[in-house]
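A structural walkthrough
The chain contents come next:
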Amino acid sequence: MKYKCPHCGEKTFSPIQKALCGNITSAGKHCPNCGGRCVNGKLCLTVRTILTLAAFGFVMYNYFTYFSEEKNNIILWGAVLLAGAYVVSFLFNMFFGALIPAIRRE
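The text that follows walks through the structure, step by step, so that each part is easy to find.

Conventions used here
Residue numbers here run from 1 along each chain, matching the order of that chain's written sequence. Given that the model is predicted, a residue must reach a pLDDT of at least 70 before its local features are reported, and side-chain atom pairs must reach 80 or more before they are shown or counted; all residues, however, enter totals for whole chains, interfaces and linings. Hydrogens and water molecules were not included; the side-chain quantities draw on all heavy atoms of the structure. Helix and strand assignments come from DSSP, with helices taken as H or I runs of at least 4 residues and strands as E runs of at least 2, each series counted from the N terminus. Within these notes, the globule rule equals 2.2 Å times the number of residues to the 0.38 power, and the radius of gyration is based on C-alpha atoms. For every residue, the accessible area obtained with a 1.4 Å probe (protein chains only) is divided by the maximum for its type, and the residue is called buried under 20%, exposed over 50%, and partly exposed between those limits. Within the patch definition used here, like charges are joined within 9 Å and nonpolar side chains (Val, Leu, Ile, Met, Phe, Trp, Tyr) within 5 Å, considering only residues with over 30% relative accessible area and no salt bridge. Calculation of accessible area relied on Shrake-Rupley with a 1.4 Å probe; when residues are assessed, cover is drawn exclusively from the protein chains displayed. Each salt bridge in this description consists of a side-chain nitrogen of Lys or Arg and a carboxyl oxygen of Asp or Glu lying within 4 Å of one another. Note on terminology: a nonpolar core comprises buried Ala, Val, Leu, Ile, Met, Phe, Trp, Tyr and Cys residues joined through side-chain atoms within 4.5 Å. Two residues form a contact once any of their heavy atoms are found within 4.5 Å. Should DSSP find at least two bridges between two strands, the strands are taken to pair. A pair of sulfur atoms, both from cysteines and within 2.5 Å, is called a disulfide here. Between rings of Phe, Tyr and Trp, where Trp is taken as its six-membered ring, a pair exists when centres lie within 6.5 Å; planes separated by under 30 degrees are stacked, by over 60 edge-to-face, and by other angles tilted. Think of it as a cone above the ring: NZ of Lys or CZ of Arg counts as a charge over the ring if it is within 6 Å of the ring centre and within 35 degrees of the ring normal.

Regarding the overall build of the chain
Looking only at helices and strands, the chain features three helices and five strands. What you see for the chain is a C-alpha radius of gyration of 18 Å, clearly larger than the 13 Å of a compact globule of 106 residues, by over 25%. Expressed as lengths along the three principal axes of its C-alpha atoms, the size of the chain is roughly 55 × 30 × 20 Å. By residue count, 30% of the 106 residues in the chain fall in the buried class.

Focus: a nonpolar patch on the surface
A cluster of nonpolar side chains, namely Met-1, Tyr-86, Val-87, Leu-91, Phe-95 and Phe-96, defines an oily patch on the protein surface of about 660 Å² accessible area. Relative to the assigned elements, Tyr-86 resides in helix α3 (residues 71–95).

Focus: the nonpolar core
One finds Tyr-3, Cys-5, Phe-13, Cys-21, Cys-31, Cys-38 and Leu-99 forming the largest nonpolar core, which totals seven residues. For Cys-38, the contacting residues outside a window of four places in its chain are Cys-5, Pro-6, His-7, Phe-13, Cys-21, Gly-28, Lys-29, Leu-99, Ile-100 and Ala-102.

Topic: the sheet that holds strand β5 (residues 99–101)
Read across the sheet, three strands follow the order β3-β4-β5 without closing on themselves; strand pairing throughout is antiparallel. Each edge of the open sheet carries a strand with a single partner, namely β3 (29–30) and β5.

Regarding the state of the cysteines
Under the defined criterion, the tally for this structure stands at zero disulfides. The structure places no disulfide on Cys-8, whose sulfur is separated from the nearest cysteine sulfur, that of Cys-5, by 3.8 Å. No disulfide involves Cys-34; its sulfur sits 3.8 Å from that of Cys-31, the nearest cysteine. Residue classification places Cys-34 among the partly exposed positions, given a relative accessible area of 41%.

A short note on the packing of aromatic side chains
Throughout the structure, instances matching the rule amount to one aromatic pair. The side chain of Lys-18 reaches across the aromatic face of Tyr-3, ending 5.3 Å from its centre.

Below is the structure:
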């Protein structure tokens, strides 16, 4: 399974390479065929932002509503939730969304 480069139109990116391209604010990865830089599109950035904000909001809500003896446990679960949000967004970048040309210049 390969994904198309937005510059040359050839299927050159594997799912792992696509996930490692980064989002719109990153420099992106070079296409092995044409050398153009590619990044994941706005959909991937939106999904990552929503997942991270939802996990962070859940952690903050639970932190301020429970008593102090349970806060250590809440912080641990919060770290697990934030790590899970990162993993789910990484998997989303692997299989969904489109590659677009990088805007950032280096």
